[in-house]
Amino acid sequence: MTVDPTWVAAAAAITPGFETVGDPFQAAAGDFDGMGISCGALQWNIGMGSLQPMVLAVGRPVVLAAMPVHGARMWEACSGTVNRGLQIVRGWQSGATLKSSAKAELRALMGTPDMRAEQQKRIDAKAEIAMGLARDWSMARDGTEPTKRLFLWFFDIVTQNGGMKGITAQEVAGFIQVNRPDRVDDLVCDFLAGRKGSSGHVRDAKANASLWRDPAEGETLELLCMSYLRAGKSNPKWQHVVLNRKGSIAMGKGFVNGKLWEFGAHGL
């Protein structure tokens, strides 16, 4: 199937946007998650072996041209074992933070036309998977084609969480009915409001509890409940973080990583 390119562009803006500053295609981050370096719109990395094939695909001359200081070592990091790659790129960091010269060169590499094309190929592949899941969901729910909102929600699921972990459209419909369509949003918002701690994610959760109470209906209500149920399948430590993110797409706006995101420009 072919996904509307404008939908894919929206997905490539929203999902990476939560994690990056500026052009998501040029994102470059250090070893904050044990993956060595994470680069590009969907944070391809050394540790999982997802960045190496992209670097090898663009070729050594492109890497050396974009990274005159660190290019040879970058090529070496992507040509050998994962452990060797991690060792090399961790040498460019202070703690888990990339030094400015390495970060600038990685951003330059990820922004080259060749690397942008490699990123787009992988984004398109994720979009196809997300559209397939969205279509299956919509057909199981009421036999209709998926909306853009549903596709964007599933794109975030596919790239960040892998899948629905067995949650079905029928289960979500039942959850809404048991908890009353006019009250189920309160259950979700009460969960967020009850998070404890002083982290930014907790502050986001409490802000979203106020923002999302009452306005959800129809598909936005369904997606808010899907967000809540899918978050419940995640590590308890991160459930509110997952819900902040998925709920923001469901509702068209929300607080994620300390910022209010509004997606009216994307039709949400």
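Below: a short report on this structure.

Rules of the game
The residue numbers shown here count from 1 along each chain, following its written sequence. Where totals are concerned, whole chains, interfaces and linings use all residues; where local detail is concerned, this predicted model gives features only for residues with pLDDT of at least 70, and gives and counts side-chain atom pairs only at 80 or more. Excluding hydrogens and water, the side-chain figures rest on all heavy atoms present in the structure. Any two strands with at least two DSSP bridges between them are considered paired. In this text, helices come from DSSP runs of H or I with a minimum length of four residues, and strands from runs of E with a minimum of two, each type numbered from the N-terminal end. To sort residues, take the accessible area from a 1.4 Å probe on protein chains only and compare it with the maximum for the residue type: under 20% means buried, over 50% means exposed, and anything in between is partly exposed. We call two residues in contact when some of their heavy atoms are within 4.5 Å. Throughout, the protein atoms alone are placed on a 1 Å grid, and a set of points is a cavity if a 1.4 Å probe fits but cannot get out or a pocket if it is open with protein on both sides within 12 Å along at least five of seven lines; lining residues have an atom within 4 Å of a point. Grid points are joined across faces, edges and corners, and a volume is the space filled by probe spheres set on the points. Under the scheme applied here, ten amino acids are nonpolar (Ala, Val, Leu, Ile, Met, Phe, Trp, Tyr, Cys and Pro), four are charged (Asp, Glu, Lys and Arg), and all others, including Gly, are polar. One less than the number of residues in a helix, times 1.5 Å, gives the span that helix is expected to have. Think of the arc as the fan of directions from the helix axis to the C-beta atoms. Geometry is summarised by axes, namely lines fitted to C-alpha atoms with helices restricted to the contacting stretch, and by angles between N-to-C directions that run from 0 to 180 degrees. Any angle that falls under 35 degrees is termed roughly parallel, while one over 145 is termed roughly antiparallel, one within 65 to 115 roughly perpendicular, and all others oblique. Crossing handedness follows the turn of the near helix against the far one: under a right angle anticlockwise gives a left-handed crossing, and clockwise gives a right-handed one. Put simply, a nonpolar core is a bunch of buried Ala, Val, Leu, Ile, Met, Phe, Trp, Tyr and Cys residues held in one set by side-chain atoms that sit within 4.5 Å of each other.

Right, let's get into the pairing of strand β7 (residues 259-262). The two faces of the sheet receive side chains in turn, since in a regular strand these alternate between them. Of the pairings in the sheet, the one linking strand β6 (residues 253-256) to β7 comprises four bridges and is antiparallel in character. Bridge assignment links phenylalanine 255 to a residue of β7, and that residue is leucine 260.

A separate point is the pairing of β6. Judged by which residues are buried, β6 turns out to be one-sided: Gly254 and Val256 face inward and are buried, whereas Lys253 and Phe255, on the alternate face, are not. Connecting β6 to the antiparallel partner β7 that follows it, the hairpin turn spans two residues, and asparagine 257 within it adopts a positive phi of roughly 55°.

Moving on, we get to the side chain of histidine 70. With respect to the helices and strands, the residue histidine 70 is situated in the loop between α3 (60-66) and α4 (71-79). A relative accessible area of 13% places histidine 70 in the buried class. If near-sequence neighbours (up to four positions away) are discounted, histidine 70 is found in contact with Trp92, Ser101, Ala102 and Glu105.

Moving on, we come to the layout of surface pockets. Space inside the largest pocket adds up to approximately 740 Å³. If you go around the largest pocket, you meet 25 residues; those closest to its centre are Phe32, Asp33, Leu42, Gln43 and Gln160. With three residues, the single largest contributor to the lining of the largest pocket is helix α8 (residues 148-160). Here the lining of the largest pocket is composed, by residue class, of 11 nonpolar, eight polar and six charged. Space inside the second largest pocket adds up to approximately 430 Å³. Sorting the residues of the lining of the second largest pocket by element identifies α11 (200-211) and α13 (239-251) as the ones contributing at least two each. Take the lining of the second largest pocket: its biggest share by element is five residues, from α13. In terms of residue class, the lining of the second largest pocket is built from four nonpolar, seven polar and seven charged.

Under the 1.5 Å per step criterion, the end-to-end length of α11 is 16 Å for 12 residues, consistent within 8% with the ideal 16 Å. Among the residues making up α11, those that are buried are Val202, Asp204, Ala205, Asn208 and Ala209. Mapping the buried residues of α11 onto a view down its axis gives an arc of 155°, with all of them on the same face. Set apart from the buried face of α11 by more than 90 degrees, the exposed residues are Arg203 and Ser210. Elements in contact with the buried residues of α11: α10 (184-193), α13, β6 and β7.

A few words on α4. Regarding α4, the residues found buried are Gly71, Met74, Trp75, Ala77 and Cys78. Within α4, the buried residues cover an arc of 160° as seen down the axis, which keeps them to one side. For α4, the elements touching its buried residues are α2 (52-58), α3, α5 (82-90) and α6 (100-110).

Where α10 meets α11, the axes come as close as 7 Å, and the angle between the chain directions of the two elements is 150°. Considering their axes alone, α10 and α11 lie roughly antiparallel with respect to each other. Here α10 runs over α11; the crossing is left-handed. Facing α10, whose interface residues are Cys189, Leu192 and Ala193, α11 presents Ala205, Lys206, Asn208 and Ala209.

Our focus in this paragraph is the sheet that holds strand β2 (residues 38-39). Pairing between the strands of a sheet is mediated by backbone hydrogen bonds and can be parallel or antiparallel. Spatial strand order, β1-β2-β3: three strands in an open sheet with antiparallel pairing. Pairing within the sheet leaves two strands with one partner each, and these edge strands are β1 (28-29) and β3 (44-45). In this structure, β1 lies alongside β2, joined through two bridges in antiparallel fashion. Considered in β2, the bridge of alanine 28 is made with cysteine 39.

Met74 and Phe151 are the most contacted members of the largest nonpolar core, which totals 83 residues. Take this core: its biggest share by element is eight residues, from α8. Setting aside chain neighbours within four positions, we find phenylalanine 151 in contact with Val3, Trp7, Val8, Ala11, Ala127, Ala130, Met131 and Ala134.

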